[in-house]
Amino acid sequence: MKIVNKRIAMVLAVSLMLYAVACSTFTSNAYKTLSITTTTVDTARQVYNNEFYNQGKVSPELDAKVAVAYKDYQKAMNVAISAVRTYQLMHDQGLPVTTDSVTLALANLSSAVTDLITLFNKAGQP
Amino acid sequence: MSTELITLILTILVKYGPEAYMQVVTLLQKTEPTAQDWAALTATVNKGLHDK
């Protein structure tokens, strides 16, 4: 399993590097960031539920904290999605637009995701 | 994409395996997002914590 994980990590690292230097628009890059983040969080959520919560291995206290962090993540992600979509709409109509709001929204999202994943990882720990 | 976010994504995807990786590979091939893409993304984000 560790060897498979290392190979996956290497291939993923190469993919991310190629993506970073590829010719792509700001909207496309932002969308990919949000999509990858959503996939990652949703996968972690499913593992949290299937391997821990549904098995009765999560204390009510921890689940309550996870629920709050999950709501915060959803709010941050929805704000980030709105920011990128607004940028996309304005850009496509030729209106003057900056990337500042998207950058701020992504920074806020990163913080919310980190907090949530940290709590997911506490499941199953003594 | 920030270095921290890349590190987080790598860590989680290594932990959760090839299916999650393949979803990421598919996403990386996307160009401009459509209204349908945004709707699908929003639907995933707004799932309940304990939903399937």
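What comes next concerns the included structure. (Residues numbered from 1 in each chain as written. Chains lettered and ligands numbered in written order. Predicted model: local features only at pLDDT ≥ 70, side-chain atom pairs only at ≥ 80, totals over all residues. Heavy atoms only, no water.)

**Some remarks on the overall build of chain B**
Tallying secondary structure elements over chain B gives 3 helices and 0 strands in all. When the helices and strands of chain B are listed from N to C terminus, the series reads α-α-α. Residues counted as buried form 38% of the 52 residues belonging to chain B. Counting every atom, chain B has about 3,100 Å² of accessible surface; 59% of that belongs to carbon and sulfur. (Helix = DSSP H or I, 4+ residues; strand = E, 2+ residues; numbered from the N terminus. Buried < 20%, exposed > 50% of the residue type's maximum accessible area, 1.4 Å probe, protein only. Areas by Shrake-Rupley, 256 points an atom, 1.4 Å probe, with all protein chains shown as cover.)

**Points about helix α3 (residues 35–45) of chain B**
Count 3.6 residues to each turn of an α-helix, and residues three or four apart come out pointing the same way. Of the positions making up α3 of chain B, those classed as buried are D37, W38, L41 and V45 of chain B. Buried residues of α3 of chain B, seen end-on, are gathered within an arc of 95° and therefore sit on one face of the element. Exposed and facing more than 90 degrees away from the buried side of α3 of chain B are A35 and Q36 of chain B. For α3 of chain B, the secondary structure elements touched by its buried residues are α2 (26–52) and α3 (60–92) of chain A. (Arc of directions from axis to C-beta. Contact = heavy atoms within 4.5 Å.)

**Details of α3 of chain A**
In a regular helix each residue adds 1.5 Å, so 33 residues correspond to 48 Å; α3 of chain A covers 47 Å between its end C-alpha atoms and thus fits that length. After α3 of chain A finishes, the residue G94 of chain A shows a positive phi value of roughly 75°. (Expected span 1.5 Å × (residues − 1).)

**What about the side chain of Q74 of chain A?**
With respect to the helices and strands, the residue Q74 of chain A is situated in helix α3. When residues no more than four places from it in sequence are discounted, the contact partners of Q74 of chain A are V45, N46 and K47 of chain B.

**Digging into the pattern of salt bridges**
Counted under the stated rule, the structure contains 2 salt bridges over all chains. Note that D42 of chain A and R45 of chain A form a salt bridge whose closest N and O atoms lie 2.9 Å from each other. Here D42 of chain A and its partner R45 of chain A are both found in helix α2, 3 residues apart, which amounts to about one turn of the helix. With respect to burial, D42 of chain A and R45 of chain A carry one shared label: buried. Among the ionic pairs, D42 of chain A bridges to K47 of chain B, the shortest N-O distance being 3.1 Å. With D42 of chain A in helix α2 and K47 of chain B in the segment after α3, this pair bridges two chains. With a relative accessible area of 8%, D42 of chain A lands in the buried category. (Salt bridge = Lys/Arg side-chain N within 4 Å of Asp/Glu carboxyl O.)

**Some thoughts on the packing of α3 of chain A against helix α4 (residues 100–120) of chain A**
Residues and elements named next belong to chain A. Orientation of α3 relative to α4, taken along the N-to-C sense of each, is 160°, at an axis distance of 8 Å. Judged by the angle between their axes, α3 and α4 are roughly antiparallel. Taken as a pair, α3 and α4 cross one another with a handedness that is left-handed. Residue composition of the contact of α3 with α4, grouped by class: 21 nonpolar, 2 polar and 2 charged. (Axes fitted to C-alpha atoms, helices over the stretch in contact; angles between N-to-C directions. Parallel < 35°, antiparallel > 145°, perpendicular 65-115°, else oblique. Left-handed = near helix turned anticlockwise from the far one by under 90°. Nonpolar A, V, L, I, M, F, W, Y, C, P; charged D, E, K, R; others polar.)

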